[in-house]
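Structural characterization, general
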Amino acid sequence: MNGMTTISGAGAVDAVTMSVMRTQVAALCRDLTSGKVLLITSRGTGRWIIPKGWPMADRDDADAAMQEAWEEAGAIGRVLADEIGQYDYDKLNENTGVIVPVRVRVFIVEVSELADKYPEAGQRSRRWVAPGKAADMVDEKGLKKILRSLPKPSEKPGKRK
């Protein structure tokens, strides 16, 4: 049991804090030749993260993750598989000062190209690193676990339906 309860129309609710658990989607951008993953810095704190954002009404979650990869990292490619994992973190709402619990659904993106010009190019840094090094660089425990459990490049995840 993960301490979450579903309330109709509200999503998951943390049984301890009674806060509504929001959902985000993320792109774990990967170079399948080298096996390296692409990390970017967050705009607020400069922490190392993977591209992520809120679901989009006009896209499924995998396509929304791909859109975030483009906007935040300039990654061009394709989503390789269904969701490969989830992790939780607390997001500070900068407008209200309220901390919102978030569950992130992670999708692998096979990157074929990195653009020099993309929507958030001047706002973030990006770096290709080995998954183990990436796990050391990120703060979220669940994301560390996902990074450390990635298959080798020769062991591609199943194709997306």
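Let me sum up the structure you'll find in this document.

This paragraph deals with the overall build of the protein chain. Looking only at helices and strands, the protein chain features three helices and ten strands. In sequence order, the secondary structure elements of the protein chain are arranged as β-β-β-β-β-β-α-β-β-β-β-α-α. Here the protein chain, with 161 residues, has 44% of them falling under the buried criterion. Across the protein chain, the fraction of contacts at a sequence separation of at least 24, relative to all contacts at a separation of at least 6, is 65%. Accessible surface, the protein chain: about 8800 Å² in total, of which carbon and sulfur atoms supply 48%.

With that settled, consider the layout of surface pockets. It is a probe the size of a water molecule, rolled over the atoms, that shows where empty space is left. Approximately 570 Å³ is the volume attributed to the largest pocket. Mapped onto the lining of the largest pocket, the elements with two or more residues apiece are β6 (52–53), α1 (61–73) and β8 (85–92). Tallying contributions element by element places β8 first for the lining of the largest pocket, with four residues.

What follows concerns the nonpolar core. In this structure, Leu28, Leu39, Ile50, Tyr87, Val106 and Leu147 are the most contacted members of the largest nonpolar core, which totals 24 residues. Elements with a minimum of two residues in this core: β3 (20–30), β4 (37–41), β8, β9 (99–114), α2 (131–137) and α3 (141–148). Top contributing element to this core by residue count: β9, with four residues. If we skip the residues at most four places from it in the chain, Val106 touches Ala26, Leu28, Ile50, Glu83, Ile84, Gly85, Tyr87 and Ile146.

Our next topic: the pattern of salt bridges. Under the defined criterion, the tally for this structure stands at ten salt bridges. Between Asp61 and Arg105 there is a salt bridge, and its shortest N-O distance comes to 2.3 Å. You can see Asp61 sitting in helix α1 and its partner Arg105 sitting in strand β9, a full 44 residues away along the chain. Assessed through its relative accessible area of 23%, Arg105 is described here as partly exposed. Among the ionic pairs, Arg124 bridges to Glu72, the shortest N-O distance being 3.6 Å. Highlighted residues: Arg124 in the loop between β9 and β10 (126–129) and Glu72 in helix α1, separated in sequence by 52 residues. Across the pair, exposure class does not vary: Arg124 and Glu72 are buried alike. Several salt bridges converge on common partners, so that one network encompasses Arg43, Glu72, Glu120 and Arg124.

On to the pairing of β8, then. For β8 and β9, the ladder comprises eight bridges, and the chain directions are antiparallel. When the sheet's bridge partners are listed, Leu92 is paired in β9 with Ile99. Hairpin geometry of β8 and β9 is characterised by an intervening segment of six residues between the two adjacent antiparallel strands and by a positive phi of about 80° at Gly97.

Conventions adopted
Chains are numbered independently. Their residues run from 1 in the order of the written sequence. Reporting of local features is limited, given that this is a predicted model, to residues whose pLDDT is at least 70; pairs of side-chain atoms are given and counted only at 80 or more, and all residues count toward the totals for whole chains, interfaces and linings. Remark: hydrogens and water are excluded; side-chain values derive from all non-hydrogen atoms of the structure. Only DSSP runs of H or I with at least four residues qualify as helices, and only runs of E with at least two residues qualify as strands; both kinds are numbered from the N terminus onward. For each residue, the accessible area found with a 1.4 Å probe, counting protein chains only, is set against the maximum for its type, and the residue is called buried under 20%, exposed over 50%, and partly exposed in between. Should any heavy atoms of two residues lie within 4.5 Å, those residues are considered in contact. Accessible surface area values rest on a Shrake-Rupley calculation with a 1.4 Å probe, where residue burial reflects the displayed protein chains alone. A 1.4 Å probe that fits but cannot get out identifies a cavity on a 1 Å grid over protein atoms alone, an open set with protein on both sides within 12 Å along at least five of seven lines counts as a pocket, and a residue lines either if it has an atom within 4 Å of a point. Grid points are joined across faces, edges and corners, and a volume is the space filled by probe spheres set on the points. For our purposes a nonpolar core is just a set of buried Ala, Val, Leu, Ile, Met, Phe, Trp, Tyr and Cys residues, chained together by side-chain atoms within 4.5 Å. Basic side-chain nitrogens of Lys or Arg form a salt bridge, by our definition, when they fall within 4 Å of a carboxyl oxygen of Asp or Glu. Whether two strands pair comes down to DSSP finding at least two bridges between them.

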